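Report on the structure
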Amino acid sequence: MEYYTSQIADVAQSLNTTPAGIDSTTAQQRLTETGKNQIADAKKKTIWLMLFHQFTDVMVLVLITAAIISAVIGELNSAYVILAIVLLNALIGFAQEYQATKAVEALKKMAATKARVLRNGQTIDIDAADLVPGDVTLLDAGNIIPADVRFMETHALKVDESSMTGESDNVEKNADTLPAGEYPLGDRLNIGYKGTFVTNGRATAYVVATGMSTELGKIAQLVQTDEVATPLQKRLGTFGKQLAAAALVICLIFFGVGLLRGEPWLNLVLVSISLAVAAIPEALPAVVTVALALGAKRLVKSQALVRKLSAVETLGSVTYICTDKTGTLTLNKMTVDETEASPDFSLPMLANDDALLTAMALNNDVSTGEDGKLLGDSTEVGLAQYAADRAYVRTQLESRFPRIAELPFDSDRKCMTTLHQTDQGVLVVTKGAVGTLITQLDADQQPDVPGLRTRVDALAERGFRTMGYAGKLLPELPQSVDVATIETGLRFIGFVGLMDPPRHEARQAVTECREAGIITIMITGDHKLTAKAIAETLGIITSDDDKVLTGPELSQLNEFAFDAIVEKVRVYARVDPAQKLRIISALQARHQFVAMTGDGVNDAPALKNADIGVAMGITGTEVAKEAAHMILLDDNFATIVKAVRHGRRIFDNILKFIRYILSGNAGELFAISLAPFFGLPIPLLAIHILWINLITDGLPGLALAYEPAEVDTMKRPPIDPRQTIFTGELPWFVLGVGGLIGTVTIGIQAWAIRSGLPHWQTMTFTVLCFAQLGNAVAIRSHRESVFSLNLLANKPMLYAITLTVALQLMVIYVPFFNDLFHTQPLSWSELGITVAVSSLVFWAVEGKKLLVRVRANQSK
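Residues numbered from 1 in each chain as written. Predicted model: local features only at pLDDT ≥ 70, side-chain atom pairs only at ≥ 80, totals over all residues. Heavy atoms only, no water.

An unreviewed UniProt entry annotates the protein chain as Cation-translocating P-type ATPase originating from Fibrivirga algicola. As recorded by UniProt, the Sequence similarities (unreviewed entry) comment attached to the protein chain reads in full: "Belongs to the cation transport ATPase (P-type) (TC 3.A.3) family. Type IIA subfamily." In the Subcellular location (unreviewed entry) part of its UniProt record, the protein chain is described as follows: "Cell membrane". (UniProt positions renumbered as here; feature names shortened; annotations may be inferred.)

Within the protein chain, the secondary structure is distributed over 32 helices and 23 strands. Each of the 860 residues in the protein chain was classed as buried or not, and the buried ones make up 54%. Long-range pairs, those at least 24 residues apart, make up 73% of the contacts in the protein chain with a sequence separation of at least 6. Put simply, the protein chain shows about 36,400 Å² of open surface, and 58% of that area lies on carbon and sulfur atoms. (Helix = DSSP H or I, 4+ residues; strand = E, 2+ residues; numbered from the N terminus. Buried < 20%, exposed > 50% of the residue type's maximum accessible area, 1.4 Å probe, protein only. Contact = heavy atoms within 4.5 Å. Areas by Shrake-Rupley, 256 points an atom, 1.4 Å probe, with all protein chains shown as cover.)

This paragraph deals with the side chain of threonine 639. With respect to the secondary-structure elements, threonine 639 resides in helix H26 (residues 637-674). When sequence neighbours within four positions are dropped, the list of residues in contact with threonine 639 reads Ser302, Gln303, Ala304, Leu632 and Asp634.

Sheet architecture is open: eight strands sit in the order S8-S23-S22-S21-S9-S18-S20-S19, paired in mixed fashion. Since the sheet does not close on itself, it has two edges, and those belong to strand S8 (304-306) and strand S19 (547-550), each with one partner. Recorded for the sheet is a direction-independent mean angle of 20 degrees between the axes of neighbouring strands. When S8 meets strand S23 (residues 630-632), the two strands line up antiparallel, connected through three bridges. Bridge pairing in S23 links leucine 305 to isoleucine 631. Here H26 sits on the sheet in contact with S8, strand S9 (320-324), strand S18 (519-524), strand S21 (594-598), strand S22 (612-616) and S23, set at roughly 155 degrees to S9. (Pairing = 2+ DSSP bridges. Axes fitted to C-alpha atoms, helices over the stretch in contact; angles between N-to-C directions.)

In this section: a nonpolar patch on the surface. A cluster of nonpolar side chains, namely Val300, Leu305 and Leu633, defines an oily patch on the protein surface of about 200 Å² accessible area. As for its position among the elements, valine 300 is in helix H11 (residues 284-301). Of the residues examined, valine 300 reaches a relative accessible area of 37% and is grouped as partly exposed. (Patch = residues over 30% accessible without salt bridge, like charges linked within 9 Å, V, L, I, M, F, W, Y side chains within 5 Å. Salt bridge = Lys/Arg side-chain N within 4 Å of Asp/Glu carboxyl O.)

You can see isoleucine 250 is positioned in helix H9 (residues 231-260). C-alpha separation for the pair isoleucine 250 and serine 272, spaced 22 residues apart in sequence, amounts to 8.5 Å.

A word on the environment of valine 496. Among the structural elements, valine 496 can be located in strand S17 (residues 491-499). Those residues in contact with valine 496 that sit more than four places away from it in its chain are Val336, Glu338, Thr339, Leu356, Met360, Leu383, Arg465, Thr466 and Met467.

Here we take up the sheet that holds strand S10 (residues 335-341). Sheets are built from strands that pair by backbone hydrogen bonding, the pairs being arranged parallel or antiparallel. If you walk across this open sheet you meet the six strands as S10-S17-S16-S15-S14-S13, and the pairing is antiparallel. Since the sheet does not close on itself, it has two edges, and those belong to S10 and strand S13 (403-410), each with one partner. Neighbouring strand axes in the sheet, compared pairwise and without regard to direction, differ in orientation by 20 degrees on average. Note: S13 against strand S14 (residues 415-422), five bridges, orientation antiparallel. Bridge pairing in S14 links glutamate 406 to threonine 418.

A few words on empty space enclosed by the protein. Inspection of the entire model under this criterion finds three cavities of 30 Å³ or more. Here the second largest cavity is characterised by a volume of approximately 40 Å³. Around the second largest cavity, the lining residues are Arg659, Phe733, Ala778, Ile779, Ser781, His782, Val845, Lys848 and Lys849. When residues of the lining of the second largest cavity are assigned to their parent elements, the largest contribution, three residues, is made by helix H32 (residues 828-859). (1 Å grid on protein atoms, 1.4 Å probe; cavity = no way out; pocket = protein on both sides within 12 Å on 5 of 7 lines; lining within 4 Å. Points joined across faces, edges and corners; volume = space filled by probe spheres on them.)

The next subject is the pattern of salt bridges. When the charged atoms of two side chains lie near each other, side chains of opposite charge can form a pair. Evaluated as defined, the whole model comprises 33 salt bridges. One salt bridge in this structure joins arginine 403 and glutamate 398, with 3.9 Å as the shortest N-O distance. Notably, a salt bridge pairs glutamate 567 with arginine 590, separated by 3.2 Å at the nearest N-O pair. Note that glutamate 567 is positioned in the loop between helix H22 (559-565) and strand S20 (569-573) and arginine 590 in the loop between helix H23 (577-589) and S21, a separation of 23 residues in sequence. The partly exposed category is assigned to glutamate 567, whose relative accessible area is 24%. Of the residues examined, arginine 590 reaches a relative accessible area of 34% and is grouped as partly exposed. Shared partners join several salt bridges into a network, and the residues in it are Asp365, Arg394, Glu398, Arg403 and Glu406.

This part is about the side chain of arginine 119. In this fold, arginine 119 is placed in strand S1 (residues 114-119). For arginine 119, a relative accessible area of 10% translates into the label buried. Every residue in contact with arginine 119, bar those within four places of it in the chain, is listed here: Ala20, Ile22, Ala27, Ile124, Ile126, Asp130, Leu131, Val132 and Asp135.

This next bit is on the nonpolar core. In this structure, Ile321, Met522, Met630 and Phe637 are the most contacted members of the largest nonpolar core, which totals 121 residues. Apart from residues lying up to four places away in sequence, phenylalanine 637 is in contact with Ile321, Thr323, Thr328, Leu329, Ala506, Ala509, Val510, Cys513 and Thr520. Leu178, Ala586, Ala606 and Ala624 belong to the second-largest nonpolar core, a separate cluster that totals 49 residues. (Core = buried A, V, L, I, M, F, W, Y, C linked by side-chain atoms within 4.5 Å.)

What follows is about helix H2 (residues 24-34). What H2 keeps buried is the set Ala27, Arg30 and Leu31. The buried residues of H2 all sit within an arc of 105 degrees when viewed along its axis, so they share a single face. H2 presents Thr25, Thr32 and Glu33 as exposed residues on the side facing more than 90 degrees away from its buried surface. The N-cap of H2, judged by a side-chain oxygen 3.1 Å from the amide nitrogen of threonine 25 a few residues on, is aspartate 23. (Arc of directions from axis to C-beta. Polar contact = N/O pair within 3.5 Å; in protein donor to acceptor, adjacent residues only side chain to side chain.)

To describe a pair of aromatic rings, you give the distance between the ring centres and the angle between the ring planes. On inspection of all chains with the given rule, the structure shows nine aromatic pairs. When the ring of tyrosine 4 is compared with that of tyrosine 183, the centres are 5.8 Å apart and the planes differ by 80 degrees; the resulting orientation is edge-to-face. Here tyrosine 4, found in the segment before helix H1 (8-15), pairs with tyrosine 183, found in the loop between strand S5 (171-172) and strand S6 (191-192); they are 179 residues apart in sequence, far enough to count as distant. Taken as a pair, tyrosine 4 and tyrosine 183 share a single burial class, namely buried. Within the aromatic cluster, the residues linked to one another by ring pairs are Trp691, Phe816, Phe817 and Phe821. A cation sits over an aromatic face here: arginine 390 above tyrosine 386, 3.6 Å from the ring centre. (Phe/Tyr/Trp six-rings, centres within 6.5 Å; stacked < 30°, edge-to-face > 60°. Lys NZ or Arg CZ within 6 Å of the ring centre and 35° of its normal.)

Take helix H13 (residues 355-362) next. Where burial is concerned, most of H13 is hidden: eight out of the eight residues are buried. Of all the residues in H13, the buried ones are Ala355, Leu356, Leu357, Thr358, Ala359, Met360, Ala361 and Leu362. With a side-chain oxygen positioned 3.0 Å from the backbone nitrogen of leucine 356, the residue opening H13 is aspartate 354.

The next thing to look at is the pairing of strand S4 (residues 148-160). Across ten bridges, S4 lies against strand S7 (residues 197-209) in antiparallel orientation. Residue pairing in the sheet places arginine 150 in a bridge with tyrosine 206 of S7. Direction of pairing for S4 relative to S6: antiparallel, over a ladder of two bridges. Among the inter-strand pairings, arginine 150 is bridged to a residue of S6, identified as isoleucine 191. Bridge analysis of S4 against S5 gives two bridges, and the strand direction is antiparallel. Among the inter-strand pairings, lysine 158 is bridged to a residue of S5, identified as glutamate 172.

The structure is reproduced here in structure tokens:
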């Protein structure tokens, strides 16, 4: 039953109740049937199950296997490092999953704890959790509405529903039955929602829904969903499986070929295990964590607080940003931009004053805070501020024209009137919707009405909210101050156009998004014309193909019809929480990655289920913040764009590390597995492979996380979310550079053995190490030459290269390490040869980038 379109008698009959309420026995029976009026948790995972879940990822299992293998072959230090990485990532994952449960807790805190009801015809206070459908509840200013209710009687009732509907203005409620039709939550004026706040007046209402059946409960159900996997999590999951399979195949082939060649089986086992370890990028989780943590730290400086590290990377793959308008794209400050005064209005006492500015100053109820700022309804504040900026201040004018009576604003007549004593009579000033005011004008002004309508409609189409002023002079205060007497026979003073102005930086941010291949979608509680005008001003709507859709229009579309147009819609107006979630789900079904901003309880499901939810730090509710992945500390859309830039940079750096680590590991695999095919002995010992993995994968790999953003970061489209890590040019780069590293390693081995050099294994070991370092330096940019980069822009890389070279030289020249690593000191000429040969990898990668730049220039 749609209670808002039903007569109050039918509501009572449906709920089997009366205006005197239900009796205690009936209440107890219904409580048993419907359950407590509480927000229920979904079945929770235990802490132990959450912890166990962190160790089920394929890459984590591969790393645990690597740790066991390292321990088996006696490399306990490597095993400890790998296990420490695994535990660190498990703790971070556990903390994030545990934090996700807090959104429902925040919803619970919104619920009222007590409720005043009529039972057995008597007024009593009960626990709000014991409310049942059919109860009659009594509400006063200051109360949290304890359940969803249908008002049966109201007295000047206003409710703050901003957390539920997104509407910033208090809503004037009534008990009138709405005509049949579809109404979004914000337009159901005879319904009150659980968790919203009574700001003025009082009411009596029937409880129509409790607990999880309320609109707040429905939101809680939408929030209680599994976390959405990030692009990187999906890619790394696939990558881990591919890597594990490849490592196993290579080890089996190497072991089989070695047995056929008559190699000692124990030696083959140790080297095969070493190959497996070489194939596993055990530093990858650490690099990902460091890159994300660094990104999160930088984002805080840019006014974005990251609650979940994975969100930093997800930003780099965002293809759509669904953003609220008020306060995010705009300043959330109603401002007068257009005025038009009537030349026909004149009164003797206003001969030296601007009549329109006088009316704007006198007809408002704003107050002044301790800091001097005007307080009150946002529209009234905008009107009063405009007048005050032009020296028309209410307190000063009221010393000349004191207010002696008023007719408060009423949603039915859409007007407010104030009456002021003057030395020539009583000045009446009426403010309201222009469409209403023009019906109350004096007869001799009626011929001007069509032209007035045209000018006002033109402002409305440009997104302005129009407000008109009219007035008259009475000889004295009437005995009865009522609408029929006061708000008739008025003369038009003028009208103004107000708008919540777009943020100065928002248009540039929208343009930057477009250049980066990201589409901006506005979702707002405003009406269609206003929303469209703002969207056109900001550049969100740029062509006739860009559609504007309202909530009621969306509700009429089936899934097939909506799916066909969802990628063309740029503005959604007057939508409810479930529709926001529907919008996001439809875009995700089209393989888009969606960022969603929000500040209210109504936004929580969409924030939770978006690929990245962004809550407002200033205006956001605790529920929204708990459901979000990131919080904007300045509520500014431009900050999201900065975050996207950071996200892309972070993903680029993670991808650089993967390119680096895989090409280096491929070089090791090629060198070890192919040497026997050329009649050469196995070039490296197991300890050599582990050492190279430790110093070349760890230090330079981690340093890549500090690499600055590429110059084209925001000039290219987002990374395709469906694309796996091992696609595009990556396989060719890994095979090409890995093959070159393997070739120079085997080449120096073959040359040194043929030359009779006793230190051939140490030279081979060193070439493999230095070749990977050269690759790390060259890979800092995917396109630009390292010589065009600022060498000091990534100081950690300089430190890492220097330290790695020092450690390798220590292994070569310190006697203790000679024994431990089975190395011998090299002569200066031998060392020079190894450096020269290993540098071939650096020059090859630089040459490849040069070809990329040349081809790009030729294609322009």
